[in-house]
Amino acid sequence: MHYPPHDAPTSGVQQLIGFLPDLSNHDGSTRVTLDLGPQHLNVSGVLHGGLHTLMLDVAAGFACARHCAMSGPFVPMLTLSLTTDYISAVREGQVIATGRVTGGGYKILYAEAQLQDAEGKLLSRATGVFKRAKT
């Protein structure tokens, strides 16, 4: 299946955290990048676990939104559940979350996402269930 590029709507959380979504991959997957700064680190000096989960949620949710939209307008999604596995820590540089749909139907979709550092080292991964939002 071939997906056209989509424009990601901006949100307050995107402006606050500073991540950048890329919804242009033709296979429907998404990519969300974040350049780490001191504001993203916990008291141990590594990327805060909540930001791992945020990046994974955004990447998987945007993948679901693209899947629902196909060639039409962007479709907002709601996260019903998200299970995150933390694998490794990161202190600096850029992190990249990639998300893709793994199944589902019209209203409910299943997706997975991975968070890696700039060298491709796996930092965390998640699986989630997403629901088409009422608009």
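**Student:** Explanation requested: the nonpolar core in the structure shown.
**Tutor:** For soluble globular proteins, the rule of thumb is that nonpolar side chains tend to be buried together. Formed by 31 residues in total, the largest nonpolar core has its most connected members in Phe19, Met55, Met77, Val95 and Leu115. Elements supplying a minimum of two residues to this core: strand S2 (30-35), helix H2 (49-69), strand S4 (94-104), strand S5 (108-117) and strand S6 (122-132). Looking at this core element by element, the count peaks at 12 residues for H2. Residues contacting Met55, with those up to four places away along its chain left out, are Phe19, Val32, Thr33, Leu34, Val95, Ala97 and Leu115.

**Student:** Looking at this structure, how should I read the UniProt feature "domain: Thioesterase" (unreviewed entry) in the chain?
**Tutor:** As annotated by UniProt and renumbered to match this structure, "domain: Thioesterase" (unreviewed entry) occupies residues 45-122. End C-alpha atoms of residues 45-122 are separated by 18 Å, and the span's content is 27% helix alongside 41% strand.

**Student:** Before we go on, may I ask you to explain the environment of Arg100 in this structure?
**Tutor:** Considering the arrangement of structural elements, one finds Arg100 in strand S4. Overall, Arg100 belongs to the partly exposed group, its relative accessible area being 43%. Taking the C-alpha atoms as reference, Arg100 lies 6.4 Å from Ala113; in sequence the two are 13 residues apart. Among residues more than four places away in sequence, those in contact with Arg100 are Ser29, Ala63, Tyr110, Ala111 and Glu112.

**Student:** Just to check I follow, could you spell out the pairing of S5 for this structure?
**Tutor:** Remark: a regular strand shows side chains that alternate across the two faces of the sheet. Burial along S5 is one-sided: Leu109, Ala111, Ala113, Leu115 and Asp117 are buried, and none of Ile108, Tyr110, Glu112, Gln114 and Gln116, which face the opposite way, are. Two elements, S4 and S5, share nine bridges in a ladder whose sense is antiparallel. If you follow Gly104 over to S5, its bridge partner there is Leu109. Hairpin geometry of S4 and S5 is characterised by an intervening segment of three residues between the two adjacent antiparallel strands. In this sheet, S6 lies alongside S5 in antiparallel orientation, the contact comprising nine bridges. Its bridge partner being in S6, Gln116 is matched across the sheet by Leu122.

Cut-offs used in this document
- Residues numbered from 1 in each chain as written.
- Predicted model: local features only at pLDDT ≥ 70, side-chain atom pairs only at ≥ 80, totals over all residues.
- Heavy atoms only, no water.
- Core = buried A, V, L, I, M, F, W, Y, C linked by side-chain atoms within 4.5 Å.
- Buried < 20%, exposed > 50% of the residue type's maximum accessible area, 1.4 Å probe, protein only.
- Helix = DSSP H or I, 4+ residues; strand = E, 2+ residues; numbered from the N terminus.
- Contact = heavy atoms within 4.5 Å.
- UniProt positions renumbered as here; feature names shortened; annotations may be inferred.
- Pairing = 2+ DSSP bridges.

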